[in-house]
Amino acid sequence: MEKETNRNTYVLQGDENMGSVQIADDVVAIIAGLAATEVKGVSAMAGNITNELMSKVGVNSLRKGVKVEIFNQKVKVELAVMMEYGYNIPATCGKVQEKVKSTIENMTGLTVTDVNIRIAGVDMKKGK
């Protein structure tokens, strides 16, 4: 049922009697960025702000450091994150992958096939 209606918007659900539900890939990117920054040990998205500053500048900056590809109801996500010093990187990344996958799937109904993470740096100021 999914078809691309323009470059960045995808039909999630369509019914000729009721209309359709569409989602922009930027929205999926924001969901992924927010989910990733909720995991303890993740300082911020690369080129992004921390959760404390989000309310001042808005959630649109959450899509920085996030690349999303949607095709046939399947999503591939690439994240560039800043880690806090003192956290186990593989364990924290595993938690980020689980959180991003479950959040996107629960909110959109899309299937997440890949969550690839690149560690862009370590934040020394927020260490344990």
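### What to know about the confidence of the model for the chain
Confidence in the prediction for the chain averages 82 pLDDT; 79% of positions are at 70 or higher. Looking over the chain, one finds the lowest element-wise mean pLDDT in strand E1 (residues 4–6), namely 43, and the highest in helix H3 (residues 89–108), namely 96. A low-confidence stretch, residues 1–6 stays under pLDDT 50, and its non-local contacts, those more than four residues away or across chains, total 14 contacts. When the criterion is pLDDT under 50, residues 48–57 qualifies, and its contacts beyond four places in sequence or with other chains add up to 18 contacts.

### Some remarks on the pairing of strand E2 (residues 9–15)
Judged from the 6 bridges that link them, E2 and strand E3 (residues 19–24) form a sheet pairing that is antiparallel. Residue pairing across strands places Val-11 opposite Gln-22, the latter belonging to E3. Where E2 hands over to E3, the hairpin turn is made up of 3 residues, counted between the paired strands.

### What to know about the packing of helix H1 (residues 25–37) against H3
In the contact formed by H1 and H3, the axes pass within 9 Å of each other and the chain directions differ by 140°. Considering the angle they form, H1 stands oblique to H3. Both H1 and H3 take part in a crossing whose hand is right-handed. Along its contact with H1, which presents Val-28, Ile-31, Ala-32, Ala-35 and Ala-36, the element H3 presents Val-96, Lys-99, Val-100, Thr-103, Ile-104, Met-107 and Thr-108. Residue composition of the contact of H1 with H3, grouped by class: 9 nonpolar, 2 polar and 1 charged.

Criteria and cut-off values
- Residues numbered from 1 in each chain as written.
- Predicted model: local features only at pLDDT ≥ 70, side-chain atom pairs only at ≥ 80, totals over all residues.
- Heavy atoms only, no water.
- pLDDT = per-residue confidence, 0-100.
- Helix = DSSP H or I, 4+ residues; strand = E, 2+ residues; numbered from the N terminus.
- Contact = heavy atoms within 4.5 Å.
- Pairing = 2+ DSSP bridges.
- Axes fitted to C-alpha atoms, helices over the stretch in contact; angles between N-to-C directions.
- Parallel < 35°, antiparallel > 145°, perpendicular 65-115°, else oblique.
- Left-handed = near helix turned anticlockwise from the far one by under 90°.
- Nonpolar A, V, L, I, M, F, W, Y, C, P; charged D, E, K, R; others polar.

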